[in-house]
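Below, each chain spelled out in residue letters.
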Amino acid sequence: MNIVDRFLKYVSFDTQSAEDAGKTPSTDKQLKLAAYLTEELQAIGLTEVEMDANGYVYATLPANTDAEVPTIGFIAHMDTSPDCSGAHVKPRIVKAYDGGDIVLDAEAGIVTSPVKFPELRDHVGEDLIVTDGHTLLGADDKAGIAEIVQAMAYLVAHPEVKHGKIRVGFNPDEEIGLGAHKFDVEKFGCAWAYTMDGGEMGELEYENFNAASAKVSVHGVSVHPGYAKGKMVNAARVAAEFAAQMPVAETPEHTTEYEGFFHLLNLEGNVEQARLTYIIRDHSKARFEERKVLMQRAADWANARYGEGTVSVEIADQYYNMRQMIEPVPHVVDLALEAMKQTGITPRVRAIRGGTDGAQLSFMGLPCPNLFAGGLNFHGPHEFLPIPSLEKASELVVKICELTAAHFGQR
């Protein structure tokens, strides 16, 4: 099976994860893809193939060299984003993209245009996989799965390419931040690994945000508005005042690159009760801590004005910048960069303005940079996947395996 057919098969599975499900995987439908992958990995000749009770899939490609080569791994996630439907995906291949508008659904007037999505212009002349305009595509991260499986199939079929022991891991629930939580790092048994979960071809990421969530509760006092002077505390209005204490220019829509932000996800309430939900992000650990302090100070200000206990803030750290875990093992990045060079890929080293399973795994003892999977415009109907990027990513996996064996076999 070629890599495009593998990808098209994977996106036929609806694997959308769900927030606050309270179980792993968060949706049972993810188990269907996990079971399929288990059978497929066995069929291509991998060993130690298993799907655990939580839907995590692990497999091994045994070493074909006697040299002492570290065991390395490749990881991708099976779920798709809750932001857009992943059911009944109807992909279409646009041959030799001409640089113009791509009509996804003429009747509904749904068009992917390079005016709105200028990254399309980087792929003129290439074959692109697109949606029908009503679902996401699922390249995040089924492209990563296809690239890894195809690379393993290639290595099985080409024993002349020498490599050490390679481990494969596919996990659920990355899109809701829980992909690494039940990943068995000890059983995986790797010196380091790579997640195949980036975007544009050439992306290599080993920095990400420090991240926290914040839940703000406001307790008001309801009194008849005609007799409210000096008595009423309007929780909805206090919530609005709290939100106004956050720096207006430090939001996602006003920041880029290494700039952090406060992101108000939800605000609801009435006179008696109000709730705000935030996420806090920053690449700098020091600035990250300052942001959490600023949020608590906003609550203290409100309590001083309206009475103690009016506003409470619950802040929970979610993940940290993996850079501090990758810097002590620079060969992990160097090997990926050399593999890109040898496969004709121009590296795009950048910091992730978000998180990745690799960040959490790095702090669990598995250094794990993130490599491109090739898709763009994730989480919506304008998502597309250039086929050359899909193919190159799989070629990169093979080359990393080969270079790791060559590098450590010479020692």
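Scroll up to find the structure.
The rules behind the values
- For every chain, the first residue of its written sequence is number 1, and the numbers climb from 1 along that sequence.
- Only residues with pLDDT of at least 70 get local features here, since the model is predicted, and only at 80 or more are side-chain atom pairs given and counted; chain-wide, interface and lining totals rely on the full set of residues.
- Neither water nor hydrogens contribute to the side-chain values; these are computed over all heavy atoms in the structure.
- For the purposes of this analysis, a disulfide is any pair of cysteine sulfur atoms at a distance within 2.5 Å.
- Per-residue accessibility, obtained with a 1.4 Å probe over protein chains only, is compared with the maximum for each type, and a residue is labelled buried under 20%, exposed over 50%, and partly exposed between these values.
- Here a helix means four or more residues in a row that DSSP labels H or I, a strand means two or more in a row labelled E, and each is numbered from the N terminus.
- Between any two strands, at least two bridges found by DSSP are needed for them to pair.
- To obtain each axis, a line is fitted to C-alpha atoms, and for helices this fit is confined to the stretch in contact; angles are then taken between N-to-C directions over 0 to 180 degrees.
- Two residues form a contact once any of their heavy atoms are found within 4.5 Å.

1. Examining the state of the cysteines
So, step 1. Enumeration over the complete set of coordinates arrives at zero disulfides.
So, step 2. No disulfide involves Cys368; its sulfur sits 9.0 Å from the nearest other cysteine sulfur, which is in Cys190.
So, step 3. Residue classification places Cys368 among the buried positions, given a relative accessible area of 0%.

2. Structural notes on unusual backbone geometry
So, step 1. Residue Pro25 is reached from Thr24 by a cis peptide bond, and omega for that bond is -5 degrees.
So, step 2. Relative to the helices and strands, Pro25 resides in the loop between helix H1 (3-10) and helix H2 (30-43).
So, step 3. Put simply, Asp140 and Asp141 share a cis peptide bond, and its omega is 15 degrees.
So, step 4. Following the sequence through the fold, Asp141 ends up in helix H3 (residues 139-157).
So, step 5. In this model, Ala96 sits at a positive phi of 45 degrees, which is unusual for a non-glycine residue.
So, step 6. One can find Ala96 in the loop between strand E4 (92-94) and strand E5 (102-105).
So, step 7. Given the relative accessible area of 44%, Ala96 is considered partly exposed.
So, step 8. Backbone geometry at Glu257 places phi at a positive 50 degrees, although glycine is not the residue there.
So, step 9. When you line up the elements, Glu257 lands in the loop between helix H5 (235-244) and strand E12 (261-269).
So, step 10. Residue classification places Glu257 among the exposed residues on the basis of a relative accessible area of 54%.

3. Here's the deal with the sheet that holds strand E3 (residues 72-77)
So, step 1. Reading across the sheet, the eight strands line up as E1-E2-E8-E3-E9-E16-E10-E15 and stay open at both edges, with mixed pairing between neighbours. The open sheet has two edge strands, strand E1 (47-51) and strand E15 (348-351), and neither has a second partner. Averaged over neighbouring strand pairs, the angle between their axes works out to 25 degrees when direction is ignored.
So, step 2. Relative to strand E8 (residues 166-171), strand E2 (residues 57-61) runs antiparallel, the two sharing five bridges. Counted as the bridge partner of Leu61 is Ile166 from E8.
So, step 3. Against the sheet, H2 makes contact with E1, E2 and E8, and its axis sits at roughly 170 degrees relative to E1, the strand it touches most.
So, step 4. Strands in contact with H3 are E2, E3, E8, strand E9 (192-198) and strand E16 (370-372); relative to E3, the strand with the most contacts, it is inclined by about 145 degrees.

In short, the description is geometric, and any link to function would need to be established separately.
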